[in-house]
There are 2 protein chains.
Amino acid sequence: MGDKKKIVQCVPNFSEGRDLQKIEEIVNAFRGKEAVKLLDYSRDEDHNRAVVTVVGEPEALKAAVIEAIGRAIKVIDMTEHEGQHPRMGAVDVVPFIPIRNVTMEETVKLAQAVAKEVSAEFNLPIFLYEKAATSPERENLAKVRKGQFEGMSEKLKQPEWQPDFGPREMHPTAGVTAVGARMPLVAYNVNLDTDKLEIADKIAKNVRHISGGLRYCKGMGVELKERGIVQVSMNMTDYTKTALYRVFELIKIEAKRYGVNIVGSEIVGSVPMEALVDTAAYYLGLEDFTMEQVLEARLME
Amino acid sequence: MGDKKKIVQCVPNFSEGRDLQKIEEIVNAFRGKEAVKLLDYSRDEDHNRAVVTVVGEPEALKAAVIEAIGRAIKVIDMTEHEGQHPRMGAVDVVPFIPIRNVTMEETVKLAQAVAKEVSAEFNLPIFLYEKAATSPERENLAKVRKGQFEGMSEKLKQPEWQPDFGPREMHPTAGVTAVGARMPLVAYNVNLDTDKLEIADKIAKNVRHISGGLRYCKGMGVELKERGIVQVSMNMTDYTKTALYRVFELIKIEAKRYGVNIVGSEIVGSVPMEALVDTAAYYLGLEDFTMEQVLEARLME
């Protein structure tokens, strides 16, 4: 229990979702390491892809991620890969996420350092994306990945697609990797007491960024057929700037015009403590509250 | 970052609030120890008393607390002690508080183990109190401490005040110590937009346990003269059973009958994460949410 421990999360996506032995070999890079904790990993056979969630102190995490990337390059051959999920490399994307006592700037630097080492060690072209992007066109992962593995050879020749690190030729079996930095995503859904999908869709359009809503909210309407209701299904891409309670209250207000009520909401997967503490502080009207007052925040220093 | 780390808090009160050197000597027992973290300590000259807040894994915490008690017994002479705060010993009270992955039962056992070792090692009579009490009369610390240091010699002779551990004679310079177990206290105040103290007092009476209110709430009305408002000042003695949002909403309802509104609330000092997560979950109507979804809860496993 040292002083103000820095914690970063990494959610690398590997292009292997079927061969359990290979997946274990990659994931083992995160096991038994000091100051690194494997939180979760899952695979999808249709996507033929594995997603790992790991947290750790920056230097230790960096070493473990580089080790895992090396293992993935060794066991995955993209010339034989097929799956439903878009992908351009054996190690498709490696986002770093600031969790505690770490700024986005430091997280971007960590992403850059990993990109630099990995590109040199494995002769792998690397694009930096999202907050680590070196130009606006590279912020969006979909744009970076466009053309996928099969099209990368050609894409790298285009003047605007010179990789940020590594050779201008794709790795023969591992393709290209995107390394980035982003805020934690919160998958947040609000359930409505109607079965009319168009109402959820309309509300989603009103609250999401792209169509005029809140800056860090993506969303769409979804039917929950078993329950006979619909939901506004969202990804909150920066809960520190677009608070959960704000989108919740806004959906409540929008739902009113259809005579519809919120029946509840749900967080899918993990959520940073601060997103919920902030929500509690809003509803209780807490004055002068700081995160340092949360006992667990002190425990993790 | 091991597996489901157990964390207990201890808030020992020492009868020394003036001699900084002695206080440091006691507090040093909590410094530089593996799996023990000193969170805070403060002293009060008028009370002539120091309060330490420390957390740790049970065995490590136990050893550090016993060491601190030994140091306090060595440096504090109660025959020369005077101060405004009631006290019966050099180490007046030692409450243990379950924080993470620890039950109250385990916490009581830890208190018993500390009491047993300390009583044997230092020849100190010990009463167990609150959740560790061996009879209902010993639950309330004020009752246990009644008579204070000066009256302990006589008190120990009474048949109903045989100590739970240690000799039936008080320690000549260290007196008697109370060791106990309790839930974390949350100091929670709700501010009203009126300057009428009687309204805060009436509301406090309605919401606090003793006069018919919520089971784990103590409270009274307080004037905030500088702001020209009043507040319902409370101690929540078990936030897992009497939730913060419940008392907040109840105060809102009670305030209505006086045409008064809540202007805000405040948490004084520290609060367990769960108390605020539970509050957020209530207001967002979160379905199927578990504490394991909070990223920081996973980090501390």
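All values derive from a computational prediction rather than experimental measurement.

### Quick look at the relation of the copies chain A and chain B
Each of the two copies of the chain can be brought onto the other by a rotation about an axis and a shift along it. Mapping chain A onto chain B is achieved by rotating through 180° and translating by 0.1 Å along the same axis, at an RMSD of 0.1 Å. What we have between these two chains is a two-fold relation. No C-alpha of chain A lies nearer the rotation axis than that of A280 of chain A, which sits 2.3 Å from it.

### Section: the domain arrangement of chain A
According to the domain assignment, chain A contains domain 1 (7-181) and domain 2 (186-299). Centre-to-centre, using C-alpha coordinates, domain 1 of chain A lies 30 Å away from domain 2 of chain A.

### A word on the pattern of salt bridges
All chains considered together, the criterion is met by 32 salt bridges over all chains. For the salt bridge of E24 of chain B with R31 of chain B, the shortest nitrogen-to-oxygen distance reads 2.9 Å. Note that K33 of chain B and E67 of chain B form a salt bridge whose closest N and O atoms lie 3.1 Å from each other. Here E67 of chain B lies in helix α2 (residues 58-75) and K33 of chain B lies in the loop between α1 (20-27) and β3 (36-44), a separation of 34 residues in the sequence. Judged by its relative accessible area of 30%, K33 of chain B is partly exposed. Ionic contacts of the salt-bridge type, sharing partners, join the residues K33, E67 and R71 of chain A into one network.

### Regarding the UniProt feature "domain: Formiminotransferase N-terminal subdomain" (unreviewed entry) in chain A
The sites that UniProt annotates as "domain: Formiminotransferase N-terminal subdomain" (unreviewed entry) are residues 6-183 of chain A. Helix makes up 33% of residues 6-183 of chain A and strand 24%, with an end-to-end C-alpha separation of 15 Å.

### Quick look at helix α3 (residues 104-122) of chain A
Residue and element names in this part refer to chain A. Its 19 residues place the ends of α3 26 Å apart at the C-alpha level, agreeing with the 27 Å of an ideal helix rising 1.5 Å per residue. Within α3, the full set of buried residues consists of M104, T107, V108, L110, A111, V114, A115, V118, S119 and F122. Down the axis of α3, the buried side of the element spans an arc of 155°, and every buried residue falls inside it. Residues of α3 that are exposed and angled more than 90 degrees away from the buried face: E105, K109, K116, A120 and E121. Against β1 (7-10), α2 (58-75), β5 (91-100), β6 (126-130) and β7 (177-181) lie the buried residues of α3. Directly after α3, the chain includes N123, whose backbone phi takes a positive value near 55°.

### Focus: the pairing of strand β1 (residues 7-10) of chain B
All names here are of chain B. What you see with β1 is no split at all: I7 and Q9 on one side and V8 and C10 on the other are buried throughout. Across four bridges, β1 lies against strand β5 (residues 91-100) in antiparallel orientation. Within the sheet, the bridge partner assigned to I7 lies in β5 and is R100. Across three bridges, the pairing between β1 and strand β4 (residues 49-56) is antiparallel.

### Examining the UniProt feature "domain: Formiminotransferase C-terminal subdomain" (unreviewed entry) in chain A
UniProt's feature table lists "domain: Formiminotransferase C-terminal subdomain" (unreviewed entry) at residues 184-298 of chain A, given in the numbering used throughout. This span, residues 184-298 of chain A, is 35% helix and 26% strand, and a straight line between its end C-alpha atoms measures 21 Å.

### A word on the packing of aromatic side chains
Aromatic ring pairs are defined here through the distance separating the ring centres and the angle between the ring planes. All chains considered together, the criterion is met by nine aromatic pairs over all chains. Note on F127 of chain A and W161 of chain A: the rings are 5.4 Å apart at their centroids and 90° apart in plane angle, and the pair reads as edge-to-face. Of this pair, F127 of chain A sits in strand β6 while W161 of chain A is found in the loop between α5 (148-155) and β7, placing the two residues 34 residues apart along the sequence. Grouping residues by exposure puts F127 of chain A and W161 of chain A together as buried. Between Y282 of chain A and Y283 of chain A the ring centres are 4.8 Å apart and the planes differ by 75°, which places this aromatic pair in the edge-to-face class. You can call Y282 of chain A partly exposed: its relative accessible area is 41%. The exposure class of Y283 of chain A is buried, given its relative accessible area of 13%. By way of ring pairs, the aromatic residues Y245, Y282 and Y283 of chain A together with Y245, Y282 and Y283 of chain B are connected into one cluster. For R215 of chain A, the ring lying beneath its charged end belongs to Y216 of chain A, and the centroid distance is 4.6 Å. When the ring centre of W161 of chain B is taken as origin, the NZ or CZ atom of K155 of chain B, which lies over that ring, is 4.2 Å away.

Cut-offs used in this document
Residues numbered from 1 in each chain as written. Chains lettered and ligands numbered in written order. Predicted model: local features only at pLDDT ≥ 70, side-chain atom pairs only at ≥ 80, totals over all residues. Heavy atoms only, no water. Least-squares fit on C-alpha atoms with pLDDT ≥ 70 in both. Domains from an automatic or database assignment. Salt bridge = Lys/Arg side-chain N within 4 Å of Asp/Glu carboxyl O. Helix = DSSP H or I, 4+ residues; strand = E, 2+ residues; numbered from the N terminus. Buried < 20%, exposed > 50% of the residue type's maximum accessible area, 1.4 Å probe, protein only. UniProt positions renumbered as here; feature names shortened; annotations may be inferred. Expected span 1.5 Å × (residues − 1). Arc of directions from axis to C-beta. Contact = heavy atoms within 4.5 Å. Pairing = 2+ DSSP bridges. Phe/Tyr/Trp six-rings, centres within 6.5 Å; stacked < 30°, edge-to-face > 60°. Lys NZ or Arg CZ within 6 Å of the ring centre and 35° of its normal.

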